[in-house]
Amino acid sequence: MFATLSDRLADTFKNLRGKGRLSEADIDATAREIRIALLEADVALPVVKEFVGAVKERARSEEVSQALNPAQQIVKIVNEELVTILGGETRRLRYAKTGPTVIMLAGLQGAGKTTLAAKLALWLKEQGKTPILVAADLQRPNAVNQLQVNGGRVGVPVFAPEPGNGVGDPVSVARASIEEAKRKLHDVVIIDTAGRLGVDTELMKQAADIRDAVQPDEVLFVVDAMIGQDAVNTAQAFLDGVGYDAVVLTKLDGDARGGAALSIASVTGKPVMFASNGEKMTDFDLFHPDRMASRILDMGDMLTLIEQAEKAFDADQTSKAAEKLLSGKGDFTLEDFMEQMKQLRKLGSMTKIMGMLPGMGQYRDQLENFDEREIDRIQAIISSMTPAERQNPKIIDGSRRARIAKGSGTKVNDVNQLVDRFFEARKMMQQMAKGGMPGMPGMPGL
Ligand code: GDP
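Residues numbered from 1 in each chain as written. Predicted model: local features only at pLDDT ≥ 70, side-chain atom pairs only at ≥ 80, totals over all residues.

**Digging into unusual backbone geometry**
For L185, which is not a glycine, the phi torsion comes out positive at approximately 60°. Judged by the 9 C-beta atoms lying within 10 Å of it, L185 is exposed. One non-glycine residue, Q215, adopts positive backbone phi at about 45°. (Buried ≥ 20, exposed ≤ 12 C-beta atoms within 10 Å, placed from the backbone.)

If you want it as structure tokens, here you go:
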């Protein structure tokens, strides 16, 4: 998502590069290009107008004319205005002061509510909470079962009407779930409600009835970011019909143009609280407007990357490998190499990781063609080596290479390549250990 918008904005800024002073014509042209870029990304027209107006006004002010680097100042302004339309500060969950915190999910069928309920439960569990999931979606035949399956995946209990009692009443189920939570000392209750394929009054009424019955601390409106402008219309309809405190965007991993994500907070006046970006239960996090803006501007998203890396990497393993590397003694072995591959894999798909690094936008095509199977191949090859070979790859001669290739189902050439690459990497690392880290890539574009 946002790839085209990122590219277009980068082109716009490229045209300003090196200009010591910006003329009125420069500012007009830039504003026009930003406007087109946003409209093409499917951002709602009123939001585009407001955004471009604000950028233009600030571009004409002293803030830019007095800046040492006016072009860079424009990027900074666009970044700040993006943060503003995305909702400003990160909106965090508000917990109840007494009793369980009740979170109710509302949205259309297929928005990703049931999946999201489980993701949210896992996220809360990781923070030491003891959530319970509630199946109040009794419309869709399979919804209760789906929630139970998802709850099982994340190890969170599901409260659902007893089977065999016919179709239960979602309002009583929701009400009963709060009692259950109190009894069993669950501190967060996540209520999944029914969705329809389109906005309809009966659906709204049911959601409003559940809301009135359980008085949630947070009502979250869940919306599929892939449905473009419709997301904004649906958001408005739910705001009028049910009301909610914050928005959850799902399917941000899709390749839609992203305009919905950019418009929804401005149009509804409600912040985006969470974002869901994949089918895995861990593809979910708080939505940070500032990080999203810098990702759109391809300034990377180092904070998210660092946080994910911290979560994924086994600190002990990593520091052991780092120690070996930095000691420069050359005892970094293929075992360590494989361990690092495994750690890397935990970070999720390579493409996702790389997308968060600054300045990677220009490599997007290569990244998208990145073959994750390459890591599998490397792991297979190393697994087929004896411990002695992994410790001391120098002993891997021709006949050993043939054996390893056979054992790993690869070609001798693959083994050769891996061994060569390992030695090259080790040499480079030793040089780095002596001479310090190579410079970080600079800011893109300017
Ligand atoms: P509900 O009808 O609102 O409960 O929606 P579901 O939770 O059943 O989700 C509908 C479909 O969207 C399912 O196939 C999910 O696997 C998929 N889905 C949900 N969230 C995401 C996401 O963030 N990314 C992707 N790619 N798919 C998702």
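**Let's talk about the pairing of strand β5 (residues 218-224)**
A large share of β5 lies buried, amounting to seven of its seven residues. Burial along β5 is two-sided: E218, L220, V222 and D224 facing one way and V219, F221 and V223 facing the other are all buried. Across four bridges, the pairing between strand β1 (residues 101-106) and β5 is parallel. When the sheet's bridge partners are listed, A106 is paired in β5 with F221. Looking at chain direction, β5 and strand β6 (residues 246-250) are connected through five bridges and run parallel. The partner of F221 across the bridge, within β6, is V247. (Helix = DSSP H or I, 4+ residues; strand = E, 2+ residues; numbered from the N terminus. Pairing = 2+ DSSP bridges.)

**Describing helix α5 (residues 70-85)**
Over its 16 residues, α5 extends 23 Å from the first C-alpha to the last, a length consistent with the 22 Å expected when each residue adds 1.5 Å. Within the span of α5, buried status applies to A71, Q73, I74, V75, I77, V78, L82 and I85. On its buried face, α5 sits against α1 (3-16), α2 (24-40), α3 (45-59), α4 (62-65), α11 (259-268) and α12 (289-296). In the segment just after α5, G87 is the residue with positive phi, at about 115°. (Expected span 1.5 Å × (residues − 1). Contact = placed C-beta atoms within 7 Å.)

**Comments concerning the site of the ligand**
Within the structure, the ligand sits among 18 residues, and G112, K113, T114, T115 and S276 are positioned closest to it. Here the element with the most residues in the shell around the ligand is helix α6 (residues 113-126); it accounts for three residues. Across the shell around the ligand, the residue classes break down as one nonpolar, 12 polar and five charged. (Near = placed C-beta within 6 Å. Nonpolar A, V, L, I, M, F, W, Y, C, P; charged D, E, K, R; others polar.)

**Things to note about the environment of T84**
Structurally, T84 is set in helix α5. For T84, a count of 16 C-beta atoms within 10 Å corresponds to the partly exposed category. The spacing of T84 and A293 is 209 residues in sequence and 9.3 Å in space, taken between C-alpha atoms.

**Points about the UniProt feature "domain: SRP54-type proteins GTP-binding" (unreviewed entry) in the chain**
Summarizing the sequence annotation, UniProt attributes the feature "domain: SRP54-type proteins GTP-binding" (unreviewed entry) to residues 271-284 in the numbering used throughout. Structurally, residues 271-284 is divided into 0% helix and 43% strand, and its ends, taken at the C-alpha atoms, are 16 Å apart. (UniProt positions renumbered as here; feature names shortened; annotations may be inferred.)

**Considerations on the packing of helix α8 (residues 170-184) against helix α9 (residues 201-214)**
Their axes nearest at 9 Å, the elements α8 and α9 cross at an angle of 25°. Considered as vectors, α8 and α9 are oriented roughly parallel to each other. Between α8 and α9 lies a crossing whose hand is right-handed. On α9, the residues touching P170, V171, A174, R175 and I178 of α8 are Q206, D209, I210, A213 and V214. Its residues assigned to classes, the contact of α8 with α9 comprises seven nonpolar, one polar and two charged. (Axes fitted to C-alpha atoms, helices over the stretch in contact; angles between N-to-C directions. Parallel < 35°, antiparallel > 145°, perpendicular 65-115°, else oblique. Left-handed = near helix turned anticlockwise from the far one by under 90°.)

**Some remarks on the packing of α2 against α3**
Orientation of α2 relative to α3, taken along the N-to-C sense of each, is 160°, at an axis distance of 10 Å. Considering the angle they form, α2 stands roughly antiparallel to α3. You can see that α2 and α3 cross each other, and the crossing is right-handed. For the pair formed by α2 and α3, the contact residues are I27, T30, A31, I34, R35, L38 and L39 on the first element and V48, F51, V52, V55, K56 and A59 on the second. For the contact of α2 with α3, the per-class residue count stands at 10 nonpolar, one polar and two charged.

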